[in-house]
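Below, each chain spelled out in residue letters.
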Amino acid sequence: MNNSGIKGKVVAITGASSGIGEAIARYLAKEGAKVILGARRTEKLEQIVKGIQNAGGEAAFTSLDVTQPDDAKKFVQFARDTFGDLDVMVNNAGLMPLSYINAYKIDEWHRMIDVNIKGVLHGIAAALPVFEAKNSGQFVNITSVGDRWVGPTSVVYSATKFAVRAISDGLRQEVGRNIRVTLVAPGATESELAETISDPSLKKQAVEQFRLDLLPAEAIARAVAFAVSQPDDVDVNELVVRPTAQKNI
Ligand code: NDP
């Protein structure tokens with residue numbers, strides 16, 4: 001059966017407690033998906049899920065730390081227990097503590113590698129067996145325009161996103177003919193992401209220079225919805241979505 005559209009699909013979203021993940025959950029639920037939200041701040045997830053349910057949508061949440069492979073497995077199991085299946089795994093959780101290499105913020109490098117790279121791999125390891133067993137399913141990995149661009153202060157962040165782009169392209173080639181892999185690369189988008197920058201002057205610079213013309217997070221949600229809504233035999237491999245005014249990064 002060629003199952004196009006969003007309605008009825010079970011979609012699990014990591015990092016759904018704010019920003020882009022929250023917008024994806026709200027938008028896909030409005031389009032009729034059954035959404036499962038995961039993140040560490042469960043009080044935020046609870047509020048978002050209530051909002052979706054009050055608007056007539058179907059949603060549930062559970063605590064998730066993507067750095068823990070067992071958590072990722074439990075997240076997928078929660079989706080299957082709650083809504084009976086899993087159709088789409090959105091690996092969105094991420095952080096961006098920009099810094100110069102010679103600031104030696106080694107803990108922050110590790111944190112980005114743990115969440116931005118290992119977190120995506122854990123999501124893949126949790127969902128792929130489900131997709132392989134039913135011979136269908138879709139990964140949507142949220143990278144960044146930093147998956148193809150690197151500049152001062154974004155060295156480690158971009159490295160993690162380059163890695164996720166490589167992982168997505170390789171995964172697409174390895175998985176069976178009926179499993180889809182989509183990469184969505186946002187430009188500057190409204191969210192709490194700049195809050196993860198610990199250096200106050202870099203945070204100020206990021207907010208004042210790079211985060212002037214922000215996309216609403218729903219713009220990224222619409223890109224995800226476009227990819228998810230295609231017929232099963234159409235795999236939108238990559239979407240890069242920038243604010244029109246963002247030209248050089
Ligand atoms: P936010 O900071 O608003 O959201 C990040 C989300 O990741 C939160 O829900 C946070 O939830 C979650 N998260 C962080 N660590 C973990 C963890 N260990 N386990 C589970 N969830 C975690 O930023 P965005 O919405 O902007 O970020 C979403 C994705 O979009 C990221 O991958 C980011 O790199 C990417 N992106 C964003 C851009 C932008 O300009 N906003 C541009 C390009 C890419 P909690 O703290 O509750 O766990």
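Just above sits the structure.
So, a few notes on the structure that sits alongside this text. As the structure is a computational prediction, the values presented were derived from the model and not from experiment. The residue numbering used here restarts from 1 in each chain and proceeds along that chain's sequence as written. Given that this is a predicted model, residues contribute local features only at a pLDDT of at least 70 and side-chain atom pairs are listed and counted only at 80 or more, while totals for whole chains, interfaces and linings are drawn from all residues. Excluded from the side-chain calculation are hydrogens and water; included are all heavy atoms of the structure.

Describing the overall build of the chain
Part 1 of the reasoning: Summing up its helical and strand segments, the chain has 7 helices and 7 strands in all.
Part 2 of the reasoning: Each helix (α) and strand (β) of the chain, taken in turn from the N terminus, gives the series β-α-β-α-β-α-β-α-β-α-β-α-α-β.
Part 3 of the reasoning: Radius of gyration means the value over C-alpha atoms here, while the globule rule gives 2.2 Å times the residue count to the 0.38 power. Scaling as 2.2 N^0.38, a compact globule of 249 residues should have a C-alpha radius of gyration of about 18 Å, and the chain matches this with 17 Å.
Part 4 of the reasoning: Here the C-alpha coordinates of the chain stretch approximately 50 × 40 × 35 Å along the principal axes.
Part 5 of the reasoning: Going through the 249 residues of the chain one by one, you find that 52% of them count as buried.
Part 6 of the reasoning: Pairs of residues are marked as contacts when any of their non-hydrogen atoms sit within 4.5 Å. Here the contacts in the chain between residues at least 6 apart in sequence split such that 71% fall between residues at least 24 apart.
Part 7 of the reasoning: Of the side chains in the chain, 28 bear a positive and 29 a negative charge, and the two mean positions are spaced by 2 Å. Secondary structure is summarised from DSSP: a helix means a run of H or I of at least four residues, a strand means a run of E of at least two, and numbering begins at the N terminus for each. Here the term buried applies to any residue with accessible area under 20% of the maximum for its type, exposed to any over 50%, and partly exposed to those in between, with areas from a 1.4 Å probe on protein chains only. Charge counting follows a simple rule: Lys and Arg are positive, Asp and Glu are negative, and His as well as the terminal groups are ignored. Just so you know, the charge point we use is NZ for Lys, CZ for Arg, CG for Asp and CD for Glu.

Side note on the site of the ligand
Part 1 of the reasoning: Surveying the vicinity of the ligand reveals 30 residues, the closest of which are Ser17, Ile20, Arg40, Tyr157 and Ser191.
Part 2 of the reasoning: The term polar contact refers here to a pair of N or O atoms within 3.5 Å; inside protein, the definition further demands a hydrogen-donor-capable atom paired with an acceptor-capable atom, and it admits residues adjacent in sequence only when both atoms are side-chain atoms. Residue Ile20 places a main-chain N or O atom 2.7 Å away from an oxygen atom belonging to the ligand.
Part 3 of the reasoning: In the environment of the ligand, an oxygen atom lies 3.4 Å from a nitrogen or oxygen atom belonging to the backbone of Leu193.
Part 4 of the reasoning: To measure how exposed things are, a 1.4 Å probe is used in the Shrake-Rupley method; for residues, cover is taken only from the protein chains shown. Against a free-state accessible area of 880 Å², the protein chains account for coverage of 96% of the ligand.
Part 5 of the reasoning: Broken down by secondary-structure element, the contributors of at least two residues to the shell around the ligand are helix H1 (19-30), helix H4 (106-134) and helix H5 (155-174).
Part 6 of the reasoning: When residue character is reported, Ala, Val, Leu, Ile, Met, Phe, Trp, Tyr, Cys and Pro are called nonpolar, Asp, Glu, Lys and Arg charged, and the others, Gly included, polar. Grouping the constituent residues of the shell around the ligand by class yields 12 nonpolar, 11 polar and 7 charged. The rule for a residue being near a molecule or strand is that one of its heavy atoms must lie within 4 Å of it.

Brief notes about the pattern of salt bridges
Part 1 of the reasoning: When a carboxyl oxygen of Asp or Glu is within 4 Å of a side-chain nitrogen of Lys or Arg, the pair counts as a salt bridge. In total, this model carries 14 salt bridges according to the counting rule given.
Part 2 of the reasoning: Note that Arg165 is salt-bridged to Glu238, the shortest N-O span being 3.3 Å. Here Glu238 lies in strand S7 (residues 238-241) and Arg165 lies in helix H5, a separation of 73 residues in the sequence.
Part 3 of the reasoning: Note on Glu238: relative accessible area 34%, which makes it partly exposed.
Part 4 of the reasoning: The residue Asp169 makes a salt bridge to Arg172 at a minimum N-O spacing of 2.8 Å. Residue Asp169 and its partner Arg172 are both found in helix H5; the two are separated by 3 residues, about one turn of the helix.
Part 5 of the reasoning: Beyond isolated ion pairs, a larger network of salt bridges with shared partners links Asp147, Arg148, Arg165 and Glu238.

That's the geometry; what it means functionally is another story.
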